[in-house]
Amino acid sequence: MSLAPRAVLVHRASEYEELLTRHGTHGQADFFLSSRGRSVREVADRHHRAARALADVAAAVPPTWRQARVERGDLDRFLFAPEDVVVVVGQDGLVANAAKYLSGQPVIGIDPEPGRNPGVLVRHRPSSAAALLSAARAPGCAVEELTMVEALTDDRERLLALNEIYLGAPGHQTARYRIGPDDPAGTPEAQASSGVLVGTGTGATGWLGSLGRLRADAPVLPGRTDRRLVWFVREAWSSPVTGTSLVEGDLSRSQRLRLTVESDRLVAFGDGMESDALDLTWGQSVSVGIAEAALRLVD
């Protein structure tokens, strides 16, 4: 007997909840903000709008379905199942945070604050949740398959990201490594820099796009569904033993970028989630390229 579908509602703690955790009460939070020329009312209003959106989406789940909720900070400990429909209620970045833990489940992005979020990934209103949940389980559901990026270490640890993977020193200090094509015939270059960013077409709307706009000869950024990646080295430093000739490029389906660590410790993390990073030590190598998996975003 097959299991009933499960709607997994992904959300994150609001700024108001974080203030209450830090200051204890609404009054103390208000005093803290007012001393800095702000009012807690704005933050509380945003919290209540997000809470209403989450409640509306929960009420729209069909009664025959199962239902679960997971907060952003618990994503790495939550077990997603094949029959899940994932509903992200929040900002675009929350979709990216969830993407790395999925394996083909359909994802619905719900925007609790229309006009505040760009709406690149959270494209729908809470009022559309019922129809979208039904559509997500229907054969032939319209989904947009967004390309993801993968980092694979030489000891087979794996990291996925929807926007970009950053490789560099913790705290964004100077990173030392060798970089080049993941090809025995390729010649790597020793570098010292602020790190390397490898991203997708979805990432081109954020951090990756910011770097691209600063470079006159930057590669053309991919679209969200293009099976192509772009990479940039941040602030490469030229010295007698480090170079700056390999500082940007793109990667097709068959191409990968290899980085070999020449520092005591580097990290690789995806989509800004530094708490869920791969630790890389001296001599260790990591290969970065297009992931086989894609995010299936209900359109």
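Further up the page is the structure itself.
Residues numbered from 1 in each chain as written. Predicted model: local features only at pLDDT ≥ 70, side-chain atom pairs only at ≥ 80, totals over all residues. Heavy atoms only, no water.

1. Side note on the overall build of the protein chain
Put simply, the test is: Only DSSP runs of H or I reaching four residues or more are called helices, and only runs of E reaching two or more are called strands; each is numbered from the N terminus. Throughout, radius of gyration means the C-alpha value; the globule benchmark is 2.2 Å times the number of residues raised to the power 0.38. When accessible area is computed with a 1.4 Å probe and restricted to protein chains, residues below 20% of their type maximum are described as buried, those above 50% as exposed, and intermediate ones as partly exposed. The contact rule is simple, with two residues in contact once any of their heavy atoms fall within 4.5 Å. What sets the accessible areas is the Shrake-Rupley method with a 1.4 Å probe; for residues, cover comes only from the shown protein chains. Note on charges: Lys and Arg go in the positive column, Asp and Glu in the negative column, and His and the chain ends are not counted at all. Taken as the charge centre is NZ of Lys, CZ of Arg, CG of Asp or CD of Glu, depending on the residue.
Along the protein chain, the regular secondary structure elements total 6 helices and 16 strands. Relative to its length of 299 residues, the protein chain is compact, with a C-alpha radius of gyration of 21 Å against a globular reference of 19 Å. In terms of overall dimensions, the protein chain has C-alpha extents of about 65 × 55 × 35 Å along its principal axes. A total of 299 residues make up the protein chain; the buried ones form 50% of that total. Considering only residue pairs separated by 6 or more positions, the protein chain has 67% of its internal contacts joining residues 24 or more positions apart. Surface exposure of the protein chain reaches about 14400 Å², of which carbon and sulfur atoms provide 49%. Mean positive and mean negative side-chain charge positions of the protein chain (33 and 38 charges, respectively) differ by 4 Å.

2. Description of the pattern of salt bridges
For clarity, the threshold we go by: Salt bridges are defined as contacts in which a side-chain nitrogen from Lys or Arg sits within 4 Å of a carboxyl oxygen from Asp or Glu.
Per the counting criterion, the structure on display carries 20 salt bridges. Notably, a salt bridge pairs Asp182 with Arg258, separated by 2.8 Å at the nearest N-O pair. One end of the pair, Asp182, is in the loop between strand 8 (175-181) and strand 9 (189-193); the other, Arg258, is in strand 13 (residues 257-261), with 76 residues separating them in the sequence. Where salt bridges share partners, they join Glu15, Arg46, Arg49 and Glu113 into one cluster.

3. Some words on the pairing of strand 10 (residues 196-199)
Every other side chain in a regular strand lies on the same face of the sheet, so the side chains alternate between the two faces. So the rule is basically this: A pair of strands counts as paired when DSSP detects no fewer than two bridges linking them.
Both faces of strand 10 are covered, namely the face carrying Val196 and Val198 and the face carrying Leu197 and Gly199. When strand 7 (residues 164-168) meets strand 10, the two strands line up antiparallel, connected through 4 bridges. Of the residues in strand 10, the one forming a bridge with Leu167 is Val196. With 4 bridges connecting them, strand 10 and strand 11 (residues 229-233) associate as antiparallel partners. Bridging across to strand 11, Gly199 finds its partner in Val230.

4. A word on the packing of aromatic side chains
Our working definition: Stacked, edge-to-face and tilted are the three classes for Phe, Tyr and Trp ring pairs, Trp counted by its six-membered ring, which pair at centre distances within 6.5 Å; planes under 30 degrees apart are stacked, over 60 edge-to-face, the rest tilted.
Per the counting criterion, the structure on display carries 3 aromatic pairs. One aromatic cluster is present, formed by Tyr166, Trp207 and Phe269 through successive ring pairs.

5. Considerations on the nonpolar core
Which entries qualify depends on this criterion: As used here, the term nonpolar core means buried Ala, Val, Leu, Ile, Met, Phe, Trp, Tyr and Cys residues forming a set that is joined through side-chain atoms within 4.5 Å.
Core analysis: the biggest nonpolar cluster contains 27 residues, and Ile165, Leu167, Tyr177, Val196, Val198, Leu259 and Leu266 have the highest contact counts within it. Contacts of Val198, omitting those with residues within four sequence positions, involve Val149, Asn163, Glu164, Ile165, Leu167, Leu229, Val230, Trp231, Leu251, Leu257 and Val288. Counting 25 residues, the second-largest nonpolar core is a separate cluster that includes Val8, Leu94, Val95 and Met273.

6. Focus: the sheet that holds strand 10
Put simply, the test is: To get an axis, a line is fitted to the C-alpha atoms, and for a helix only the part in contact is used. The angle between two axes follows their N-to-C directions and goes from 0 to 180 degrees.
Read across the sheet, 6 strands follow the order 12-11-10-7-14-15 without closing on themselves; strand pairing throughout is antiparallel. Where the open sheet ends on each side, the last strands, each with one partner, are strand 12 (248-251) and strand 15 (278-281). When the angles between neighbouring strand axes are averaged without regard to direction, this sheet yields 15°. With 4 bridges connecting them, strand 14 (residues 265-270) and strand 15 associate as antiparallel partners. For Leu266, the partnering residue across the bridge sits in strand 15 and is Leu280.

7. Describing the environment of Thr147
Operational definition: What qualifies as a polar contact is a pair of N or O atoms within 3.5 Å, subject to a donor-acceptor requirement within protein and to the restriction that residues adjacent in sequence count only when both atoms come from side chains.
Residue placement: Thr147 occurs in strand 5 (residues 143-153). Considered as a pair, Thr147 and Thr205 are 58 residues apart in the sequence and their alpha carbons are 14 Å apart. Aside from chain neighbours lying at most four places away, what touches Thr147 is Leu162, Thr200, Arg224, Thr225, Asp226, Arg227, Leu229 and Ile290. Polar contacts involving the side chain of Thr147 include one to the main-chain carbonyl oxygen of Asp226, which spans 2.8 Å.

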